[in-house]
Structure formats: structure tokens, C-alpha cells
Amino acid sequence: MNLQETALLQISQKTERLSPKWSELQTPQAMPFILDAKISTVRLLLIDDQVIISEAFRRIVATETDISLHYTSNPATAIQDAIAIEPTVIFLDMIMPDIDGLMLLRWFRSHPVTRDIPIVMLSSKEEAKLKADAFTEGANDYLIKLPDAVELIARIRYHSKAYNNLKALTTATATAQLQAQQLKNTLQELQTTQVQLIQTEKMSSLGRMVAGLAHEINNPVNFIHGNFNHLNNHVNCLLNLIELYQKKHPESHFTLQDEFGDFNLDFIVDDLPKIISSMRIGTDRNTARLRK
């Protein structure tokens, strides 16, 4: 037994009293995930190929009712497991036989579902170069196996709280953006409605103006139109009178020429009824148009 296993065994013995029934549970090989039946605000996913590490974690969080522990020893399915579990924090072993911890860290950070989940790297080596590499690849924290139980629980809750706050902020931001877009759409609809109302009011005002103008035109046109019969009768009477006068006094034609100059009485007599007729046709059309 090496020093690391000895230390982990001592930690397990110290935490034995916290959960006397843990020895009755299945081993991690037979049970890759340890699912808490309670709804927890903190969901911890542990990825480590050493069974003794999962046992130590299990004993430490046994009495923490707000923490649920999920464990897998297979790094090849870690991303799929994380997507299914939706952990609030991931503890990832730095060195594993099949897939390097840093490579798996890069995969987590490249996936859109897991890229924001806090990841704490676990290692038995406290080397500055390893820490720098881990933080460069996107790790949120770095722990030496295995920290004090109080410190471990505090770090689990700290990173989970930060992630939950980030999700809440992201949700609030998305909601605010959606509401802002809805307000923008509503404003555009109101502006469109306002333009339509203004245009409708303009057309209504124009209609009232046209109706008033038509009324003002209609009255004198009707007056003129109504007197055309009388005017036509009077003009016919005058023309008949002129014709009768010319027959009785043909010499008066020369007297009128001397008095009024050169004028064509015959043309006037012929053209005057035509003028009255054309004027009557025009008033007939205007009256018919205004009545529509």
C-alpha cells in the first residue's frame, strides 16, 4: 500500500461514523453513478479511475443533504454523462489511463452544454507546471488528492453557487432580451397603427372638405341649372321678336349698322341658342356628378 492509499484509508476511517451503512452499498464498478433520490441544488460529478477516491468523496458528502454525488470511472462517456446529469460542478482526475484529464477538460470546454460548468482538477502532484496547464485549458480550480472534508465541501458549494448564479443571470438576460424584443415589436406596431390613424384622419378630413366644397358648388350650379328653362324661353322670345321686327322694319338694319358698327346679327341669332344649350349640358353633368 503506497502513501496515497494509506492517507485515503485514514480519511475513510475518520468519516466512517458519518455513514455507517456505506459498506452495504454497491461498488463503483457495479454502480457507475450514485444518484441521490432527493432534489439537490448541488450536483457533483466525479470523474476518476480510482475507486478509493469515489469512496472517500461519498463518505465526505454523505450527510450533506443539498449535495448529490454522481460518479463515473469511464472518461470516454463523461461528456454524455454530464449532459444527462447536468452537474453544477465537476471534479476531474488529472491523470487517467485511457484519456488524459487535460484532453477531457478541453472536450468539456468545447461542448456548448458543458463549457460553462465549473471544473476542479484533481491530482496527486502539486507542480506549478501542471496547475498552469490546467488553468490554461479552462479549469476553475486545482486540488491535491484528497483535501480536508470541510474545505472540499466548501469548494463544492462555492463553485456550484457560482454556476447556479451564472445560469440564473443567463436566463434573466435571455428573458430581458426577449421582453425587449417584444417591446420593440409592440412599439413598431403602435407606430404603424399611429401612421394609419393619422392617414385615416387625413382622408376623413379631406372627405369632409370635399363634401363641403361640393355642397358650396352644388348650390349655385343648381341655381343656374334651374333657371336655364326660363333663360331659354326668354332668349327664344327675344329672337322671335327680333325676327318679327326685321320683317316689319327691314330698313332698321342699316340704322343699326350705322349705330353699332359691323356686326353679324344672323350669326348671333344662330349661335346664342347653341351657347345656352352647351351651358345646360355642362350643368347637367356637374349636377349628376355631385349627386353621386
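Above: the structure in question.
Reading guide: rules and limits
Within every chain, residues take consecutive numbers counted from 1 along the sequence as written. Side-chain atom pairs in this predicted model are given and counted only at pLDDT of 80 or more, local residue features only at pLDDT of at least 70, and totals for whole chains, interfaces and linings cover all residues. Side-chain measures were taken over the full set of non-hydrogen atoms in the model, leaving aside hydrogen atoms and water. Note on geometry: axes are C-alpha line fits, over the in-contact stretch for helices, and angles between N-to-C directions span 0 to 180 degrees. Strands are runs of DSSP state E lasting at least 2 residues, helices are runs of H or I lasting at least 4, and numbering of each runs from the N terminus. Any angle from 65 to 115 degrees is called roughly perpendicular, while one under 35 is roughly parallel, one over 145 is roughly antiparallel, and all others are oblique. Two helices crossing with the near one rotated counterclockwise from the far one by less than a right angle form a left-handed crossing, whereas a clockwise rotation gives a right-handed crossing. Only heavy atoms matter for contacts: two residues are in contact if any of them lie within 4.5 Å across the pair. Each residue is assigned to one of three groups, with Ala, Val, Leu, Ile, Met, Phe, Trp, Tyr, Cys and Pro labelled nonpolar, Asp, Glu, Lys and Arg labelled charged, and all others, Gly among them, labelled polar. Pairing between strands is defined by DSSP: at least two bridges between them are needed. A crossover counts as right-handed when, viewed with the strands pointing away from the observer, the path leading from the first strand over the helix to the second turns clockwise. We call a set of buried Ala, Val, Leu, Ile, Met, Phe, Trp, Tyr and Cys residues a nonpolar core when their side-chain atoms join them within 4.5 Å. For the exposure calls, accessible area comes from a 1.4 Å probe over protein chains only, and a residue counts as buried if that area is under 20% of its type's maximum, exposed if over 50%, partly exposed in between. Two rings from Phe, Tyr or Trp (for Trp, the six-membered ring) form a pair when their centres are within 6.5 Å of each other. A pair whose planes differ by under 30 degrees is stacked, one over 60 is edge-to-face, and the rest are tilted.

Visitor: Even after reading the chapter, I still don't get the packing of helix α3 (residues 78–85) against helix α4 (residues 101–110), so can you show me in this structure?
Guide: Working note: a packed helix pair is described by the angle between its axes plus the distance between those axes. The contact between α3 and α4 brings their axes to 10 Å, and the two run at 45°. If you check the angle between α3 and α4, you find them oblique. Crossing of α3 against α4: the hand is right-handed. Packed against α3, whose contacting residues are A78, I79 and A82, the element α4 presents L104, W107 and F108 at the interface. Per-class residue counts for the contact of α3 with α4 are 6 nonpolar, no polar and no charged.

Visitor: Explain the pairing of strand β5 (residues 141–144) to me, please; I cannot follow it from the model alone.
Guide: The side chains of a regular strand alternate between both faces of the sheet. Bridge count for strand β4 (residues 119–123) against β5 is 4 bridges, and the pairing is parallel. Note that in β5 the partner of M121 across the bridge is Y142. Of the crossover connections in this fold, the one passing from β4 over helix α5 (residues 128–136) to the parallel β5 is right-handed.

Visitor: Looking at this structure, how should I read the nonpolar core?
Guide: Counting 23 residues, the largest nonpolar core has I47, I90, L92, L104, F108 and M121 as the members making the most contacts within it. Elements represented by at least two residues in this core include exactly β1 (42–47), α3, β3 (89–93), α4, β4 and α5. Ignoring anything within four residues of it in the chain, the contact list for L92 reads I47, G101, L104, L105, I119, V120, M121 and L122. One finds V120, L122, L146 and L152 within the second-largest nonpolar core, a separate group that totals 20 residues.

Visitor: Mind showing me how you'd approach the side chain of D93 here?
Guide: Along the polypeptide, D93 turns up in strand β3. Beyond its immediate stretch of four places on either side in the chain, D93 contacts I47, D48, D49, G101, M121, L122 and K145.

Visitor: Teacher, can you tell me more about the packing of aromatic side chains here?
Guide: Each aromatic ring pair is described using two quantities: the centre-to-centre distance and the angle formed by the ring planes. Scanning the entire structure with this criterion turns up 1 aromatic pair. Measuring from ring centre to ring centre gives 5.5 Å for F57 and F91, while their planes differ by 70°; the resulting arrangement is edge-to-face. Taken together, the positions of F57 in helix α2 (residues 51–60) and F91 in strand β3 put the pair 34 residues apart, joining distant regions of the chain. The exposure classification of F57 matches that of F91, with both residues buried.

Visitor: It is not clear to me how the sheet that holds β4 should be interpreted in this structure. Could you clarify?
Guide: Each strand in a sheet pairs with another by means of backbone hydrogen bonds, the pair being arranged parallel or else antiparallel. With parallel pairing, 5 strands are arranged side by side in an open sheet as β2-β1-β3-β4-β5. Bordering the open sheet on either side are β2 (67–72) and β5, each of which pairs with just one other strand. Sheet twist, expressed as the average angle between the axes of neighbouring strands with direction ignored, equals 20°.

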